[in-house]
Amino acid sequence: MDYLQIQGPTKLSGTVTISGAKNAALPLITLTLLAHNQLKMSNTPEVADIKTLLKLLGNLGATYTLDNHLLTIDTSTVNHTMANYDIVKTMRASILVLGPLLARFGHCEVSLPGGCAIGQRPIDLHLKAMEAMGATITIHAGYVHAVAPEGLKGAHIIFDKITVTGTANVVMAAALAHGKTVLVNCAKEPEVVQLCEILRDSGIDISGIGTSELTIIGTGGKTIDMVDFEVIPDRIEAGTYLCAGAITGSTITLDKVRADHLDAVTAKLEQMGCKIDTTDTTMTIHPATKLKHVELVTQEYPAFPTDMQAQFLALATLAEGASIIEERLFENRFMHVSELQRLGADIKLNGHTATVFGGTPLFGADVMATDLRASSALVLAAMAAEGTTNVHRIYHLDRGYENLEQKLQALGAKIERLKE
Ligand code: EPZ
């Protein structure tokens, strides 16, 4: 297995180009299951999760090439509807094939994704919505069996909780349903917005885009003529690099980024004493002279994102005073805490709230990545710690960060990928 070796403390400088958003590309790839044409997705991030999902679609019969971030894909040859365990277990977002397969073929068998390190990750809201649209759902031997022989029918659905992939799954199912679907309490993440925009541009009557209520008039089973498009920038990758500037006390610029997708993150960095200048496509962070402690609560978009919690917890270890960080979305998303404590951080955990007593120096050590965003938090802390840090199990990182060490090396970080 690979690990990253990082020498700290380090200063960064220069510009980093942000990749396409993993969490936009994943549902957009499954959306192609609704299309009868070949299409091109540019700015597709070449990260492990994307390759895993493409492998799954290939197993179903789709053909594709991914070359220099341009995905050319054709699902008209799909002739299977089983998403099997060996792929789904490695990438739970595979559940995003459920809605499109069910809508297009009238049946599908998708392995239950199971939980992951950060939480149990149920899919009950996805399944309840499909049943409301007329599907019969049974769970047997670890698989979701969904059937809707006459196709799905429009329904009025209120999500009990805001779910990002749940909203995406049901929007895709509704696009081919018979009649009108009204979805209430939808996720408003930019990734969901882009999915809705591509559906609209591909001829689907969808309104309420960007709001918590979506109305979709389905095609009654007819597949769509899907447009070519460019995947939006990855706001979480961008936020991670902003934190890299903040934690190393460096001025760096991010290119190909949508600053308007990061308002809550920018606000917190500015509260901590950083300054951020933006243009239409760039963000430049000027570090705080002295980082101030912060209070943050993770919530659904546009509030502070849970996917930035670990990175800010790492940053808070350098901020004077006590920072209070509350994780409201996932039940086990503080595994980076014990690893940061190995670097010398003074953190107290109490249920879903971490109190970070910042200002004590960090010292390099061996640490272990536990999940995607926790891994990036360890890399950030390692760049501020005195000495050598080895971050193990970085296959977690490779799931969602494209060329992380190359991008950081180009900014001046002393980081290299080694073999255990
Ligand atoms: C998406 O996961 C993202 N993944 C996650 O990013 C992100 O952390 C999460 O949204 C929240 O923003 C992708 O987009 C591929 P949810 P998702 O359904 O859709 C509960 C990363 O690091 N819930 O919005 O699985 C659930 O337990 C990943 O890139 C139900 O109870 O998250 C959680 O408490 C990690 N029943 C809350 O809703 C359901 O049927 C939000 O989950 C579905 C969800």
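All values reported here derive from a predicted model rather than from experimental measurement.

Trainee: Whenever I open this one, the packing of aromatic side chains confuses me. Can you help?
Mentor: Aromatic rings considered in pairs are described by the distance between their centres and by the relative angle of their planes. This structure, assessed with the given rule, holds one aromatic pair. Considering the side-chain rings of F304 and F312, the 4.9 Å spacing of their centres and the 85° angle between planes classify their relative orientation as edge-to-face. Each member of the pair, F304 as well as F312, is classed as buried.

Trainee: Mind showing me how you'd approach the site of the ligand here?
Mentor: Close to the ligand lie 24 residues; D124, T163, T165, D307 and L329 are nearest. Note that an oxygen atom of the ligand is positioned 3.0 Å from one of the side-chain N or O atoms of R121. Measuring from an oxygen atom of the ligand, one finds a side-chain N or O atom of T163 at 2.7 Å. Those elements giving two or more residues to the shell around the ligand turn out to be α1 (22-31), α5 (124-132), α6 (164-175) and α12 (372-384).

Trainee: Teacher, can you tell me more about unusual backbone geometry here?
Mentor: With the exception of glycine, most residues fall at negative phi, and the peptide bonds are largely trans. A cis amide bond, omega -10°, links G8 with the succeeding residue P9. Positioned with a positive phi, R121 is a non-glycine residue whose angle comes to about 55°. Examined against the element boundaries, R121 turns out to sit in the loop between β7 (107-111) and α5. Even without being a glycine, K256 presents a positive backbone phi close to 60°. For K256, the position within the fold is in the loop between β15 (252-255) and α9 (263-271).

Trainee: Looking at this structure, I do not really get the sheet that holds strand β5 (residues 70-74). What am I missing?
Mentor: Strand pairing in a sheet takes place through backbone hydrogen bonds and is either antiparallel or parallel in direction. The strand order β4-β5-β3-β14 describes an open sheet built from four strands, whose pairing is mixed. Looking along the sheet, the strands with just one partner apiece sit at the ends: β4 (63-67) and β14 (229-230). In this structure, strand β3 (residues 39-42) lies alongside β14, joined through two bridges in parallel fashion. Bridge pairing in β14 places S42 opposite E230. Its contacts with the sheet place α1 against β3, β5 and β14, and it is angled at close to 175° to β3. Strands in contact with helix α2 (residues 48-60) are β4 and β5; relative to β4, the strand with the most contacts, it is inclined by about 160°.

Trainee: Help me understand helix α10 (residues 309-316), please; the structure alone is not making it clear to me.
Mentor: Note that an α-helix has 3.6 residues per turn; residues three or four places apart therefore point the same way. Within α10, eight of the eight residues are buried, leaving the element largely enclosed by the surrounding structure. Every buried residue belonging to α10 is among Q309, A310, Q311, F312, L313, A314, L315 and A316, and all of these are buried.

Trainee: What should I look at first to understand the pairing of strand β9 (residues 143-147) in this one?
Mentor: Bridge count for β7 against β9 is five bridges, and the pairing is antiparallel. For V110, the partnering residue across the bridge sits in β9 and is V144. Inspection of the sheet shows strand β8 (residues 136-140) paired to β9 by five bridges, in the antiparallel sense. Bridge assignment links T136 to a residue of β9, and that residue is V147.

Trainee: Which parts of the structure should I look at to understand the packing of α1 against helix α7 (residues 190-201)?
Mentor: Axis angle and axis distance: for two packed helices, these are the angle between their axes and the distance between the axes, and together they describe the pair. Between α1 and α7, the least distance of the axes is 8 Å, while the angle of their chain directions is 30°. Of the possible angle classes, the one that applies to α1 and α7 is roughly parallel. Judged by the twist between their axes, the crossing of α1 over α7 is right-handed. Contacts between α1 and α7 involve N23, A24, P27, L28 and L31 from the first element and E191, Q194, L195, I198 and L199 from the second. The residue inventory of the contact of α1 with α7, partitioned by class, reads seven nonpolar, two polar and one charged.

Procedures and definitions
- Residues numbered from 1 in each chain as written.
- Predicted model: local features only at pLDDT ≥ 70, side-chain atom pairs only at ≥ 80, totals over all residues.
- Heavy atoms only, no water.
- Phe/Tyr/Trp six-rings, centres within 6.5 Å; stacked < 30°, edge-to-face > 60°.
- Buried < 20%, exposed > 50% of the residue type's maximum accessible area, 1.4 Å probe, protein only.
- Near = heavy atom within 4 Å.
- Polar contact = N/O pair within 3.5 Å; in protein donor to acceptor, adjacent residues only side chain to side chain.
- Helix = DSSP H or I, 4+ residues; strand = E, 2+ residues; numbered from the N terminus.
- Pairing = 2+ DSSP bridges.
- Contact = heavy atoms within 4.5 Å.
- Axes fitted to C-alpha atoms, helices over the stretch in contact; angles between N-to-C directions.
- Parallel < 35°, antiparallel > 145°, perpendicular 65-115°, else oblique.
- Left-handed = near helix turned anticlockwise from the far one by under 90°.
- Nonpolar A, V, L, I, M, F, W, Y, C, P; charged D, E, K, R; others polar.

Interpretation note: all reported values are geometric properties and have no functional meaning in isolation.
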